[in-house]
Amino acid sequence: MSEPRTLYDKVFDDHVVDRQEDGTCLIYIDRHLVHEVTSPQAFEGLRMAARTVRHPEKTLAVVDHNVPTSPDRKFGIKNEESRIQVEALARNAAEFGIEYYNEADQRQGIVHIVGPEQGFTLPGMTIVCGDSHTSTHGAFGALAHGIGTSEVEHVLATQTLIQRKARNMLVQVDGKLPHGVTAKDIILAIIGEIGTAGGTGHVIEYAGEAIRALSMEGRMTVCNMSIEGGARAGMIAPDETTFEYIKDRPRAPKGRAWDMARAYWETLRTDEGAHFDRIVRLDAANLPPLVTWGSSPEDVVSVTGTVPDPDLIEDETKRASKKRALDYMGLTPGTRITDIAVDRVFIGSCTNGRIEDLRAVARVVEGKRVHERVNAMIVPGSGVVKAQAEAEGLDKIFKAAGFDWREPGCSMCLAMNDDRLKPGERCASTSNRNFEGRQGFKGRTHLVSPAMAAAAAIAGHFVDIREWR
Ligand SMILES: CC(C)[C@H](C(=O)O)[C@@H](O)C(=O)O
Ligand code: SF4
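Calculation rules
- Residues numbered from 1 in each chain as written.
- Chains lettered and ligands numbered in written order.
- Predicted model: local features only at pLDDT ≥ 70, side-chain atom pairs only at ≥ 80, totals over all residues.
- Helix = DSSP H or I, 4+ residues; strand = E, 2+ residues; numbered from the N terminus.
- Rg over C-alpha atoms; globule rule 2.2 N^0.38 Å.
- Contact = placed C-beta atoms within 7 Å.
- UniProt positions renumbered as here; feature names shortened; annotations may be inferred.
- Buried ≥ 20, exposed ≤ 12 C-beta atoms within 10 Å, placed from the backbone.
- Near = placed C-beta within 6 Å.
- Domains from an automatic or database assignment.
- Nonpolar A, V, L, I, M, F, W, Y, C, P; charged D, E, K, R; others polar.
- Expected span 1.5 Å × (residues − 1).
- Arc of directions from axis to C-beta.
- Pairing = 2+ DSSP bridges.
- Right-handed = clockwise from strand over helix to strand, strands pointing away.

A count of helices and strands for the protein chain gives 16 helices and 19 strands. The C-alpha atoms of the protein chain give 21 Å as radius of gyration, which agrees with the globular expectation for 469 residues (23 Å, within 12%). Seen along its three principal axes, the alpha-carbon backbone of the protein chain occupies a region of about 55 × 55 × 45 Å. Relative to all contacts within the protein chain whose residues are 6 or more apart in sequence, the contacts with residues 24 or more apart total 78%.

With that settled, the discussion passes to the UniProt feature "binding site: [4Fe-4S] cluster" (unreviewed entry) in the protein chain. Annotation from UniProt places "binding site: [4Fe-4S] cluster" (unreviewed entry) at Cys350, Cys410 and Cys413. In summary, the annotated positions, though distributed over 64 residues, converge in three dimensions, the widest C-alpha pair being only 8.7 Å. Taking the number of C-beta atoms within 10 Å as the measure of exposure, Cys410 has 31 and is therefore buried. Topologically, Cys413 is positioned in the loop between β17 (404–405) and β18 (426–429). Judged by the 29 C-beta atoms lying within 10 Å of it, Cys413 falls in the buried class. Excluding residues within four positions of it along the chain, Cys413 makes contact with Gly348, Ser349 and Ser431.

Close contacts around ligand 2 come from 13 residues, with Ser349, Cys350, Cys410, Cys413 and Leu414 the closest. Domain assignment of the residues forming the shell around ligand 2 places at least three in each of domain 1 (9–164 + 246–261) and domain 3 (290–467).

Moving on, we come to the domain arrangement of the protein chain. On domain assignment, one finds that the protein chain holds domain 1 (9–164 + 246–261), domain 2 (167–239 + 270–286) and domain 3 (290–467). For domain 1 and domain 3, the distance between their C-alpha centroids amounts to 28 Å. Facing the 23 residues of domain 1 at the interface are 22 residues of domain 3. Of the residues forming the side of domain 1 that touches domain 3, the biggest block, four residues, is contributed by helix α4 (residues 111–117). Here the side of domain 1 that touches domain 3 is built from residues that sort into six nonpolar, 12 polar and five charged.

On to helix α16 (residues 450–459). With respect to burial, α16 is a largely interior element, nine of its 10 residues being buried. Looking only at α16, the buried set comprises Pro450, Ala451, Met452, Ala453, Ala454, Ala455, Ala456, Ala457 and Ile458. Buried-residue contacts for α16 involve β13 (290–292), β15 (344–347), α12 (349–352), α13 (355–365), β16 (375–378) and β18. Following α16 by one or two positions, Gly460 has its phi on the positive side, about 85 degrees.

The next thing to look at is the site of ligand 1. Neighbouring ligand 1 are Val37, Thr38, His65, Asp131, Ser132, His133, Gly146 and Leu414. Across the shell around ligand 1, the residue classes break down as two nonpolar, five polar and one charged.

In a regular helix each residue adds 1.5 Å, so 17 residues correspond to 24 Å; helix α3 (residues 80–96) covers 24 Å between its end C-alpha atoms and thus fits that length. Every buried residue of α3 is accounted for by Gln85, Val86, Leu89, Asn92 and Ala93. All buried residues of α3 fall inside an arc of 125 degrees around its axis, so they share one side. Facing away from the buried surface of α3 by more than 90 degrees, the exposed residues are Glu80 and Ala94. Looking at the buried side of α3, the elements it contacts are α2 (40–48), β4 (59–62) and β5 (99–101).

Take the pairing of strand β3 (residues 31–34) next. Residues Arg31 and Leu33 point to one face of β3 and His32 and Val34 to the other, with burial holding for every one of them. Inspection of the sheet shows β3 paired to strand β6 (residues 126–129) by three bridges, in the parallel sense. Bridge pairing in β6 places Arg31 opposite Ile127. Pairing of β3 with β4 involves three bridges; the strand directions are parallel. From the neighbouring strand, Leu33 faces β4, where its bridge partner is Leu60. For the segment spanning β3, α2 and β4, crossover handedness is right-handed.

Assignment of secondary structure puts Ser215 in the loop between α7 (209–212) and α8 (216–224). Judged by the 16 C-beta atoms lying within 10 Å of it, Ser215 is partly exposed. Ser215 sits 10 residues away from Met225 along the chain, and the two C-alpha atoms are 16 Å apart. If sequence neighbours within four positions are ignored, Ser215 has contacts with Thr241 and Glu356.

Listed below in structure tokens is the structure:
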């Protein structure tokens with residue numbers, strides 16, 4: 001009998017092309033996603049070396065970070081820097097023979113929403129993209145992670161990547177999520193527990209009853225933020241929920257190929273007795289809705305709690321950094337979270353811009369009005385999500401409630417397009433990063449679930465969604 005292996009071990013082993021004595025490996029890459037921010041120099045490098053793309057059919061390009069989300073984007077992108085990046089991707093894709101979804105294409109959207117939606121992302125694959133949130137695709141039992149621009153060039157040219165094996169970490173989430181508590185709260189709780197460096201050098205496998213019970217959308221939310229916990233990637237073993245989601249997607253295998261793929265996918269689970277270098281356990285039944293109070297995703301607190309007092313932190317460096325965070329956020333220790341008023345609400349991003357997220361928002365805001373002081377926007381993660389939401393009449397609910405309903409893109413997740421906070425503005429956001437300046441210069445970000453963001457938009461301050469009527 002061979003050694004019991006983890007899901008990560010199996011997918012990694014199945015892709016090793018070469019292994020050096022010092023442990024450096026060359027691994028085969030099944031899928032490469034490309035967006036406009038991290039690809040221009042990579043294509044330039046290929047041109048300089050007179051190389052071609054090794055497997056254009058395994059590469060998919062889409063614009064997301066720089067595209068405006070206002071409906072008049074069809075008349076062209078006004079911001080020059082953004083326009084140059086978007087045009088460069090269009091040109092590079094055409095020149096190198098790569099399939100490309102432009103901003104007028106209904107399949108366009110945030111790269112990590114597009115891949116799964118099109119069936120480009122499949123279990124057991126190695127998937128890379130010049131983007132840290134590539135970890136999202138691990139929700140399908142793929143080994144997916146971000147790479148740098150020079151690696152983007154390497155993958156384009158060779159369809160391989162130089163990698164060292166990471167360590168295995170298990171995050172076991174048992175119990176049933178209470179009403180109003182979501183996948184977003186699970187991952188925020190994990191990061192709150194392990195810290196932003198907690199997963200360093202590891203690939204996390206998420207397992208347990210609460211993970212199994214999540215939809216694919218929820219699993220993607222969890223895996224998406226693995227990188228915020230410092231991990232190289234996050235993975236969830238594929239099961240019926242996974243297969244059900246993938247079946248009949250445009251690029252999913254069909255007929256006999258489907259049966260064969262499925263049989264392989266069934267083997268993608270951690271063997272009994274496989275070794276994990278680190279194990280973290282969490283009980284979903286005890287989780288409250290969470291809100292971040294600082295400028296790091298680990299700064300989480302229950303919605304029923306108060307802004308923590310950094311003076312109670314023993315470690316001096318940490319104390320200083322959390323003090324600075326509070327100062328940046330304009331908050332005073334002891335303030336109740338539900339007393340914090342918001343100016344803006346952003347619902348979208350590759351963390352929470354999928355159809356289920358929008359349905360959750362609709363359930364909270366139907367028949368209500370956005371607070372008069374609040375400016376709230378909803379940005380579907382892709383054109384497909386947008387069309388689905390409109391087919392279900394969600395856009396009508398949003399607009400009637402006073403939300404701005406936008407075109408797909410990264411939008412206010414990061415201030416790389418026209419959507420951004422003004423200095424000092426406070427935002428309840430469904431995205432994944434609350435770093436200083438992330439949503440705009442001096443903007444203040446609180447990370448929350450879609451339902452929590454929706455309720456904050458209506459109430460004008462954070463509220464405990466478990467008590468929402
Ligand atoms: C622009 C891109 C390289 C970046 C990333 O790698 O994650 C962005 O998507 C982000 O979320 O900060
Ligand atoms: S939505 Fe945000 S986190 Fe996701 S790829 Fe875009 S900028 Fe990065």
